[in-house]
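Coordinate analysis (summary)
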Amino acid sequence: MLSLKIKGDKFYVLKLRDEKWIYCEEDIAIKALRDHVSKDKNLKPNDISILEVTIKGEKWEIVQVPWSKIVLKLIRGE
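Going along each chain's sequence as written, the residues are numbered from 1 onward. For a predicted model such as this one, the threshold for reporting local features is a pLDDT of at least 70, and the threshold for listing and counting side-chain atom pairs is 80 or more; totals across whole chains, interfaces and linings nevertheless cover every residue. Remark: hydrogens and water are excluded; side-chain values derive from all non-hydrogen atoms of the structure.

Focus on helix α1 (residues 26-39)
We count it as follows: Helix numbers and strand numbers start at the N terminus; a helix is a DSSP run of H or I with at least 4 residues, a strand a run of E with at least 2. The span expected for a helix works out to 1.5 Å for each residue beyond the first. It only takes one pair of heavy atoms within 4.5 Å for two residues to be counted as in contact.
In this model, α1 (14 residues) spans 20 Å end to end at C-alpha, consistent with the 20 Å of a helix rising 1.5 Å per residue. Buried residues in α1 make contact with β1 (10-16), β2 (19-23), β3 (48-56) and α2 (67-76).

With respect to the nonpolar core
Counted only if it meets this: Among buried residues, those of type Ala, Val, Leu, Ile, Met, Phe, Trp, Tyr and Cys that are joined through side-chain atoms within 4.5 Å constitute a nonpolar core. Exposure categories follow from relative accessible area, calculated using a 1.4 Å probe and restricted to protein chains: below 20% of the type maximum is buried, above 50% is exposed, and the middle band is partly exposed.
Among the nonpolar cores identified, the biggest contains 13 residues, and Leu14, Leu16, Leu33, Ile50 and Ile70 are the most heavily contacted of them. Counting residues per element, this core draws most heavily on α1, which supplies four residues. Ignoring sequence-local partners within four residues, the contact set of Ile50 consists of Tyr12, Val13, Leu14, Ala29, Ile30, Leu33, Val63, Gln64, Val65 and Ile70.

Brief notes about the environment of Pro66
Mapping Pro66 onto the fold places it in the loop between β4 (59-64) and α2. Sequence-wise, Pro66 and Ile50 are 16 residues apart; in three dimensions their C-alpha atoms are separated by 8.4 Å.

Looking at a nonpolar patch on the surface
Rules: A patch consists of residues whose relative accessible area exceeds 30% and which take part in no salt bridge; residues with like charges are grouped when within 9 Å of each other, and nonpolar side chains (Val, Leu, Ile, Met, Phe, Trp, Tyr) when within 5 Å. For the area figures, the Shrake-Rupley method with a 1.4 Å probe applies, and any residue is considered shielded solely by the protein chains shown. Each reported salt bridge corresponds to a side-chain nitrogen of Lys or Arg within 4 Å of a carboxyl oxygen of Asp or Glu.
A cluster of nonpolar side chains, namely Trp67, Val71 and Ile75, defines an oily patch on the protein surface of about 300 Å² accessible area. Structurally, Trp67 is set in helix α2.

Comments concerning the pairing of β3
Put simply, the rule is: Being paired, for any two strands, means DSSP has found at least two bridges between them.
Taking burial as the measure, the nine residues of β3 include seven buried ones, the bulk of the element. As paired strands, β3 and β4 are joined by six bridges and run antiparallel to one another. Residue pairing for β4: Ile55 is matched across the bridge by Trp60. Adjacent in sequence and paired antiparallel, β3 and β4 are bridged by two residues, among which Gly57 carries a positive phi angle near 65 degrees.

Concerning the pattern of salt bridges
Evaluated as defined, the whole model comprises eight salt bridges. With a shortest N-O distance of 2.9 Å, Glu25 and Lys7 are connected by a salt bridge. With a gap of 18 residues between them, Glu25 in the loop between β2 and α1 and Lys7 in the segment before β1 connect regions that are remote in the sequence. Of the residues examined, Glu25 reaches a relative accessible area of 31% and is grouped as partly exposed. On the basis of relative accessible area, Lys7 is assigned to the exposed category, the value being 52%. Lys69 is the partner of Glu26 in a salt bridge, and the nearest nitrogen-oxygen pair spans 3.2 Å. Note that Glu26 is positioned in helix α1 and Lys69 in helix α2, a separation of 43 residues in sequence. Under the relative-accessibility criterion, Lys69 is labelled partly exposed at 37%. Taken together, the shared-partner salt bridges connect Glu26, Asp27, Lys69 and Lys73 into one network.

So, in structure tokens, the structure goes:
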């Protein structure tokens, strides 16, 4: 059985085409995105997204991490 313990009340989902991975930190999801994109030259912008999932009690909120934020972290090497 595979599980992921969530730190705090957020986790991140990296979506590439029909595959999805879950990460407990935004920076790790962005690094994983960089690794996948460097290996798969056929990925298109519409194939890729990082979602931030916030869990507060019974309420879940899902928002897409803005591309501007992802690009800044990638350029800065964060």
